[in-house]
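Take a look at the letters that make up each chain.
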Amino acid sequence: MSSALTDLFPHPIVQAPMAGGPAVPPLAAAVSDAGGLGFLAAGYKTADGMYQEIKQLRGLTGRPFGVNVFMPQPESAETGAVDLYAHQLAGEPGWYETQLGDPESGRDDGYDAKLAVLLEDPVPVVSFHFGVPAREVVDALHRVGTFVLATATTTEEALAVDRSGADAVIAQGVEAGGHQGTHRDLPEQNGAGIGVLSLVAQIREAVALPIIATGGIMRGSQIAAVLAAGARAAQLGTAFLVTPESGAHDLHKQALTDPVFPRTELTRAFSGRPARGLVNRFMREHGPYAPAAYPEVHHLTAPLRKAAAKAKDAQGMALWAGQGHRMARELPAGQLVELLLAELDAARAALAAGFAAGGDAR
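What you are looking at is a predicted structure, and each value in this text was computed from that prediction instead of being measured. (Residues numbered from 1 in each chain as written. Predicted model: local features only at pLDDT ≥ 70, side-chain atom pairs only at ≥ 80, totals over all residues. Heavy atoms only, no water.)

(A) Representation of the packing of aromatic side chains within the structure. Applying the stated criterion across every chain yields a total of 6 aromatic pairs. Geometrically, the ring pair formed by F270 and W320 is edge-to-face, given 5.7 Å between the ring centres and 90° between the ring planes. Separated by 50 residues along the polypeptide, F270 in the loop between β10 (264–267) and β11 (275–278) and W320 in the loop between α14 (296–310) and α15 (333–361) bring together distant segments of the chain. By the ring-pair criterion, three or more aromatic residues cluster together here, those being Y44, F70, F130 and Y294. (Phe/Tyr/Trp six-rings, centres within 6.5 Å; stacked < 30°, edge-to-face > 60°. Helix = DSSP H or I, 4+ residues; strand = E, 2+ residues; numbered from the N terminus.)

Dropping the structure here:
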């Protein structure tokens, strides 16, 4: 990673841009103020909504931060499958006293309008999920002084990120909570994700780009592991989900360590794209029938998820979480960064001591 980029955040900790509510300005500000890189999530927001959050964040911190943008999605060939899934969900609207959403509510998530805002009023870092921006988009962001990152879940995707001219690649392991950032959603590859340590090693051998590793990372010792594997920083989402600054619903925060939800799975139940969350009733009952149709399924189920949250029913919510969710710690975000750094230092010291002891034994 260029020294100019690393100068933005002195500590190798990036707060994941969790869309849907958790990645709010107070959380991003706290992480950036602690020396990490805080992120806002533009996904599911209007361009003006994104701008207002950027404005709020700038009022909370003078430190650098990032904004994450979803790539537009190609047309789906699953129209009939979406209709069938709506029938599968037929009992849910009555249960929550709401209606199913319109699956044709839009495919591009306001991409062009958001880019226009980010070019007119630049931010230090912009990252992209669900694909790679065109080279001209990357060049335009570079011209206004913005560093560009993009997610990859395979070596092939990392090569695409490299060709785009981006400054770094976010290597997302299958352990990660929330949506997998695959560039193409192929149903035949369900469950075929790569663990973060293996992915970092593979990408490191394939491209010269700096790597930010993400996926199930909850402790400083795990940060040490991905740095040893070749990453320059670690991106953590679930670890920050339970902080008081997080905008996640209280039920979501509580569920992470609730024994009622002991494990996670990848599911299409809520959005039509593979996403890792705590296994609940909705996932069990509907996941097997959900088609590969994003964002149609996301729009279809949005009112159900909102109504479930209002009814305080965690069994009907999308409880996104990484595999390390039971290790979540309810600390203020700044204190969590400090603790992670202390654990990172301790892990490095232990490793160095182990090498020294091995050398003495020989």
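Let's pick the thread back up.
(B) Local environment of the pairing of strand β8 (residues 211–214). Side chains of β8 alternate between two faces, with I211 and A213 and I212 and T214 buried alike. Sheet analysis places strand β6 (residues 168–172) next to β8, joined by 4 bridges and oriented parallel. Bridge pairing in β8 places V169 opposite I211. When β8 meets strand β9 (residues 233–236), the two strands line up parallel, connected through 3 bridges. Of the residues in β9, the one forming a bridge with A213 is A234. (Buried < 20%, exposed > 50% of the residue type's maximum accessible area, 1.4 Å probe, protein only. Pairing = 2+ DSSP bridges.)

(C) Up close: the layout of surface pockets. As a volume, the largest pocket reaches approximately 1000 Å³. Along the wall of the largest pocket there are 46 residues; nearest its centre are M18, A19, G20, P22 and W320. Those elements giving two or more residues to the lining of the largest pocket turn out to be β3 (65–70), β4 (125–129), β6, β7 (178–179), β9, α11 (238–241) and α14. In terms of residue count, α14 provides more of the lining of the largest pocket than any other element does, 5 residues in total. Grouping the amino acids of the lining of the largest pocket by side-chain chemistry returns 22 nonpolar, 22 polar and 2 charged. Roughly 540 Å³ of internal volume is contained in the second largest pocket. Along the walls of the second largest pocket sit 28 residues, with T182, Q189, N190, G191 and P274 positioned nearest its centre. Listed by contribution, the elements that provide at least two residues to the lining of the second largest pocket are α8 (155–164), β10 and α13 (281–286). Top element by residues in the lining of the second largest pocket is β10. It accounts for 3 residues. Taken together, the residues of the lining of the second largest pocket sort by class into 9 nonpolar, 11 polar and 8 charged. (1 Å grid on protein atoms, 1.4 Å probe; cavity = no way out; pocket = protein on both sides within 12 Å on 5 of 7 lines; lining within 4 Å. Points joined across faces, edges and corners; volume = space filled by probe spheres on them. Nonpolar A, V, L, I, M, F, W, Y, C, P; charged D, E, K, R; others polar.)

(D) Region of the structure containing helix α7 (residues 135–143). Regarding α7, the residues found buried are V137, V138, A140 and L141. The buried residues of α7 occupy one face: seen down the axis, they fall within an arc of 160°. What points out from α7, more than 90 degrees from its buried face, is the exposed set E136 and R143. Of the residues trailing α7, G145 is marked for its positive phi of about 90°. (Arc of directions from axis to C-beta.)

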